[in-house]
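Per-entry structural report
For reference, the chains in residue letters:
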Amino acid sequence: MEKQEYTITLYTENSIGMIGRISGIFSRRKINIESLNTSPSEVDGIHRFTILITESEEVVRKLCRQIEKQVEVLKAYFNTNDELIWQEQALYKVPAHVIAEKAYVERLLRQYGANVVVIRNDYIVFETAGHREEIDRLTEELGKYKLIEFVRGARIAIIKESAGFHSKLIQFEKTEPSPEIVENEFLDQQDNVFTM
């Protein structure tokens, strides 16, 4: 199967060591995590992981099933870029004299929607958000004008066709157990079933 970018969204309990356990699942399968973001979700006490990888759909499907076996993981989703609204954030440190002397650089920053974060005598820090390709293009252009420093944040994403995890959680809480009692046919045969 053909590999492509997939964004995996996990909803987990907020417990110590979750990042290590989740990343361990990827490293055991020799899958590179291109971007990892974790933050609180819309549900109090539930955290959201947003993980970007490049893999085949079959591998991603199996990976999500494996991740959901972790006790603290409530749900794992995977989506292609077309199924998401996503952004990445970047910070750029540019020499102040370049901005003052080169009108092109100022126009370039405006074109990409960059906002000033810090102004100092020796440098100016800008921030922008967009898709990776846009950030890469701006970084390449600013590299021609003595870009001092650059850092990109991890992907953040929202699933287009999702009502949100909170509504699913409420629906799950409203579901009552079945009124029918289902007897286990092996319950009274313990010695026969559980022998080694």
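Refer to the structure printed above.
Now for a look at the structure at hand. For clarity, every value in this text was computed on a predicted model and none was experimentally measured.

Moving on: the packing of helix H4 (residues 103-111) against helix H5 (residues 132-143). Orientation of H4 relative to H5, taken along the N-to-C sense of each, is 170°, at an axis distance of 11 Å. By the angle class used here, H4 and H5 are roughly antiparallel. Taking contact as the criterion, the partners of Tyr104, Val105, Leu108 and Leu109 in H4 are, on H5, Leu138, Glu141 and Leu142. Class assignment for the residues of the contact of H4 with H5 results in six nonpolar, no polar and one charged.

Here we take up the packing of helix H1 (residues 18-28) against helix H2 (residues 57-68). Viewed as axis vectors pointing N to C, H1 and H2 meet at an angle of 145°, and their least axial separation amounts to 11 Å. Here H1 runs over H2; the crossing is right-handed. Together, Ile22, Ile25 and Phe26 of H1 and Leu63, Gln66 and Ile67 of H2 make up the contact between the two elements. Counted by class, the contact of H1 with H2 contains five nonpolar, one polar and no charged residues.

Read from one edge of the open sheet, four strands run S2-S3-S1-S4, paired in antiparallel fashion. Looking at the sheet topology across the chains shown, the edges are occupied by strand S2 (35-40) and strand S4 (73-79). Across this sheet, the average inter-strand angle for adjacent strands is 15°, counted without regard to direction. Two strands pair when backbone bridges link them, and strand S1 (residues 4-13) and strand S3 (residues 46-55) are joined in this way by ten bridges, in the antiparallel orientation. By the bridge assignment for S3, Thr7 is matched with Leu52. Docked against the sheet, H2 engages S1, S3 and S4, running at close to 170° with respect to S4.

We now examine a nonpolar patch on the surface. A cluster of nonpolar side chains, Leu91, Val117, Val118 and Val151, forms an exposed patch at the surface whose accessible area comes to about 290 Å². Within the secondary structure, Val118 is located in strand S6 (residues 115-119).

Along the chain, the position of Ser35 falls in strand S2. Ignoring anything within four residues of it in the chain, the contact list for Ser35 reads Thr50, Ile51, Leu52, Ala154 and Arg155.

On to the packing of aromatic side chains, then. A ring pair, where both rings are aromatic, is described by two values, the distance of the centres and the angle of the planes. Tallying each qualifying case throughout the model produces four aromatic pairs. Seen in terms of ring centroids, Tyr104 and Tyr145 are 6.0 Å apart; in terms of plane orientation they differ by 45°. Their pairing is tilted. Taken together, the residues Tyr104 in helix H4 and Tyr145 in the loop between H5 and strand S8 (149-152) connect sequence positions 41 residues apart. Its relative accessible area of 21% is what places Tyr145 among the partly exposed residues.

The next point concerns a positive patch on the surface. Where like charges cluster on the molecular surface, the positive patch consists of Arg28, Arg29, Arg65 and Lys69. By secondary structure assignment, the location of Arg29 is in the loop between H1 and S2. Relative accessible area serves as the criterion here: at 35%, Arg29 is assigned to the partly exposed category.

All of the buried residues in H4 are Val105, Leu108 and Leu109. One face of H4 carries all of its buried residues, which in axial projection span an arc of 95°. Exposed side chains of H4 directed beyond 90 degrees from the buried face belong to Arg110 and Gln111. Along its buried surface, H4 packs onto helix H3 (96-101), strand S7 (123-130) and H5.

Let us now look at the nonpolar core. Of all hydrophobic cores here, the largest spans 17 residues; its most connected members are Ile8, Phe26 and Ile53. Breaking this core down by element, the ones donating at least two residues are S1, H1, S3, H2 and S4. Counting 16 residues, the second-largest nonpolar core is a separate cluster that includes Val105, Leu109, Phe126 and Ile135.

Our focus in this paragraph is H5. With twelve residues, H5 extends 16 Å from end C-alpha to end C-alpha; this agrees with the ideal 16 Å at 1.5 Å per step. Taken together, the buried positions of H5 are Arg132, Ile135, Leu138, Thr139, Glu141 and Leu142. Buried residues in H5 make contact with S1, S3, strand S5 (84-95), H4, S7 and S8.

Reading the values: rules and limits
In this numbering scheme, every chain counts its residues from 1 along its sequence in written order. For a predicted model such as this one, the threshold for reporting local features is a pLDDT of at least 70, and the threshold for listing and counting side-chain atom pairs is 80 or more; totals across whole chains, interfaces and linings nevertheless cover every residue. Computation of side-chain values covers all heavy atoms of the structure but excludes hydrogens and water. To get an axis, fit a line to the C-alpha atoms, keeping to the stretch in contact for a helix; angles then go from 0 to 180 degrees between the N-to-C directions. Every helix listed is a DSSP run of H or I at least four residues long, and every strand listed is a run of E at least two residues long, numbered separately from the N terminus. The scheme is simple: roughly parallel for angles under 35 degrees, roughly antiparallel for over 145, roughly perpendicular for 65 to 115, oblique for anything else. Residues count as neighbours in contact if any of their non-hydrogen atoms are within 4.5 Å of one another. Gly counts as polar in this scheme, as do all residues outside two lists: the nonpolar Ala, Val, Leu, Ile, Met, Phe, Trp, Tyr, Cys and Pro, and the charged Asp, Glu, Lys and Arg. For any pair of crossing helices, the crossing counts as left-handed if the nearer helix is rotated counterclockwise from the farther one by less than a right angle, and right-handed if it is rotated clockwise. Note: two strands are recorded as paired if DSSP finds a minimum of 2 bridges between them. Residues qualify for a patch when their relative accessible area is over 30% and they have no salt bridge, like charges being joined within 9 Å and the nonpolar side chains of Val, Leu, Ile, Met, Phe, Trp and Tyr within 5 Å. Areas reported here follow the Shrake-Rupley algorithm with a probe of radius 1.4 Å; residue values treat only the protein chains shown as occluding. Any Lys or Arg side-chain nitrogen located within 4 Å of an Asp or Glu carboxyl oxygen qualifies as a salt bridge. When two rings of Phe, Tyr or Trp (its six-membered ring) have centres within 6.5 Å they constitute a pair, described as stacked for plane angles under 30 degrees, edge-to-face for angles over 60, and tilted for the intermediate range. Accessible area is worked out with a 1.4 Å probe on protein chains only. A residue is then buried under 20% of its type maximum, exposed over 50%, and partly exposed in between. All tallies of charge rest on Lys and Arg as positive and Asp and Glu as negative; His and the ends of each chain are not included. By convention, charge coordinates are those of NZ in Lys, CZ in Arg, CG in Asp, or CD in Glu. Directions pointing from the helix axis toward each C-beta atom define the arc. Here, nonpolar core means buried Ala, Val, Leu, Ile, Met, Phe, Trp, Tyr and Cys residues that are tied together by side-chain atoms lying within 4.5 Å of each other. By this rule, a helix spans an expected 1.5 Å times one less than how many residues it contains.

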